[in-house]
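Coordinate inspection notes
Take a look at the letters that make up each chain.
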Amino acid sequence: MSLKRVRKVLDAHLTKRALVLRGALGADRNHFCPACENRIVGFYRFGNTSDWGCPRCGSSPRERLVNHLISTQVLRVPENGSVLHMAPSELSLVRRFSVAREYVPADLEPANYTAARAHRVDLMTLDDVGRFDLVYASHVLEHVPDDHVVLENLHRAMTPGGEAWFLVPLWRKPTEDGTPDMTAREREQRFGQWDHVRQYGPDIVDRLAAVGFEVEDIAASSLNPADRSREGLGDRLFRARKPGS
Ligand SMILES: [Zn+2]
């Protein structure tokens, strides 16, 4: 762990303890976490983001955004359908997706996701056809060697009318792809994490559209400001729909 990361984690721990203490002393619980559905005093800081973590469940702004969009029925979990949940680390979403007829938590390295009982799935070689009504992949696409191949595989694996919900780290510049010869250190410097092989920009919507998806960009900044601050919502979700019935 880098020194910068150690500082971030320590700082998060301290601000989290302060929030728990304030709650115990009777401070107004005027915030709400849509991931664990608890009323809370506020969210703890992580790095440069002041309203980052839920002191009760540890949810991030993006995990809360997805939960908020499901609670308000902007997004719908297909209860009679099949859900592929990649990198299933957000346990609030494991709970929400588990209601589906078929729930497939999965990752290239399932041992990292024992709580969700993940299966091994390599998106580069996924060969399902017309199986999934919902695909959820948060912070996955920036790790895969060839995102065009992965998006084609996912599109084929989905049912007509099915949806994929993608979240990725974003910057304001156009997307930059790494090269196979980059070292882990170079990737960390250029893309912010040693195992990120690209950094997406707003043109991710073009990559999703290129394989046939209809894309909707749902940003936390477009939501009601009162909800946004009460629930500590952040980030943006790309809803990619496979045309069809
Ligand atoms: Zn929570």
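Along its length, the protein chain carries seven helices and 13 strands. A globule of 245 residues ought to have a C-alpha radius of gyration of about 18 Å, and the protein chain, at 18 Å, matches this closely. Expressed along its principal axes, the backbone C-alpha trace of the protein chain runs to roughly 55 × 45 × 35 Å. Residues classed as buried in the protein chain amount to 45% of the 245 residues present. For the protein chain, restricting intrachain contacts to residue pairs at least 6 apart in sequence, the fraction spanning at least 24 positions comes to 61%. Accessible area of the protein chain: about 12,800 Å², with a carbon and sulfur share of 49%. Averaging the coordinates of the 34 positive side-chain charges in the protein chain and doing the same for the 33 negative ones gives two points 8 Å apart.

Attention now moves to the domain arrangement of the protein chain. Parsing the protein chain into structural domains produces domain 1 (3-58) and domain 2 (63-241). If you average the C-alpha positions of domain 1 and of domain 2, the two centres end up 25 Å apart. Contacts between domain 1 and domain 2 engage 13 residues on the former and twelve residues on the latter. When domain 1 packs against domain 2, close to 860 Å² is buried across both sides, 50% of that on carbon and sulfur atoms.

Okay, the coordination of the zinc ion next. Think of it this way: four donors in a tetrahedron around the metal ideally sit 109.5 degrees apart, and six in an octahedron ideally sit 90 or 180 degrees apart. Coordination of the zinc ion by the protein involves C33 (SG), C36 (SG), C54 (SG) and C57 (SG), with metal-donor separations of 2.3 Å. If you look at the zinc ion, its four donor atoms make angles of 106 to 112° with each other, and the shape they trace is tetrahedral. Between the donor residues of the zinc ion, the gaps in sequence give the motif C-x2-C-x17-C-x2-C. In this pair, C36 is assigned in the loop between β1 (31-33) and β2 (38-40) and C57 in the loop between β4 (49-53) and α2 (61-71), connecting sequence segments 21 residues apart. Its relative accessible area of 38% is what places C57 among the partly exposed residues.

Residue position: V135 is located in strand β8 (residues 132-138). Put simply, V135 and V20 are 115 residues apart on the chain and 35 Å apart in space, counted from C-alpha to C-alpha. Every residue in contact with V135, bar those within four places of it in the chain, is listed here: L84, L154, M158, E163, A164 and W165.

What follows covers a positive patch on the surface. Where like charges cluster on the molecular surface, the positive patch consists of R29, R39, R56 and R230. Here R29 lies in the loop between α1 (3-24) and β1. According to the relative accessible area criterion, R29 is partly exposed, its value standing at 35%.

On to unusual backbone geometry, then. Of note in this structure, Q73 is not a glycine but carries a positive phi near 60°. Along the chain, Q73 falls in the loop between α2 and β5 (82-86). Of note, H139 is a non-glycine position whose phi angle comes to about 55°, a positive value.

Across the eleven residues that make up α2, a large majority, nine, are buried. Looking at α2, one finds that the buried residues are P61, E63, R64, L65, V66, N67, H68, L69 and I70. Positive phi shows up at Q73, right after α2, with a value of about 60°.

Moving on to the environment of D133. Note on placement: D133 falls in strand β8. When the C-alpha atoms of D133 and A220 are compared, they prove to be 24 Å apart, with 87 residues separating the residues in sequence. At a separation of 2.7 Å, a polar atom in the side chain of D133 contacts the main-chain amide nitrogen of S82. Polar side-chain contacts of D133 include one of 3.0 Å to the side chain of T159.

Before going further, it helps to examine the packing of aromatic side chains. Remark: the centre distance and the inter-plane angle together describe each pair of aromatic rings, the angle taken between the planes. The tally for this structure, following the rule as stated, stands at five aromatic pairs. Pairing F46 with W52 gives two aromatic rings, centres 5.0 Å apart and planes at 45°, and the pair type is tilted. The buried category is assigned to F46, whose relative accessible area is 16%. Centroid distance F166 to F213: 6.4 Å. Interplanar angle 70°. Geometry classified as edge-to-face. Of the two residues, F166 is situated in strand β9 (residues 158-167) and F213 in the loop between α6 (204-210) and β12 (214-219); the sequence distance between them amounts to 47 residues.

The rules behind each value
Residues numbered from 1 in each chain as written. Predicted model: local features only at pLDDT ≥ 70, side-chain atom pairs only at ≥ 80, totals over all residues. Heavy atoms only, no water. Helix = DSSP H or I, 4+ residues; strand = E, 2+ residues; numbered from the N terminus. Rg over C-alpha atoms; globule rule 2.2 N^0.38 Å. Buried < 20%, exposed > 50% of the residue type's maximum accessible area, 1.4 Å probe, protein only. Contact = heavy atoms within 4.5 Å. Areas by Shrake-Rupley, 256 points an atom, 1.4 Å probe, with all protein chains shown as cover. Lys, Arg positive; Asp, Glu negative; His and termini not counted. Charge placed at Lys NZ, Arg CZ, Asp CG, Glu CD. Domains from an automatic or database assignment. Buried area = accessible area lost by both parts, 1.4 Å probe. Donors = N, O, S within 2.8 Å, 3.2 Å for Na, K, Ca; no water. Tetrahedral: all angles 85-135°; square planar, octahedral: opposite > 155°, others 65-115°. Patch = residues over 30% accessible without salt bridge, like charges linked within 9 Å, V, L, I, M, F, W, Y side chains within 5 Å. Salt bridge = Lys/Arg side-chain N within 4 Å of Asp/Glu carboxyl O. Polar contact = N/O pair within 3.5 Å; in protein donor to acceptor, adjacent residues only side chain to side chain. Phe/Tyr/Trp six-rings, centres within 6.5 Å; stacked < 30°, edge-to-face > 60°.

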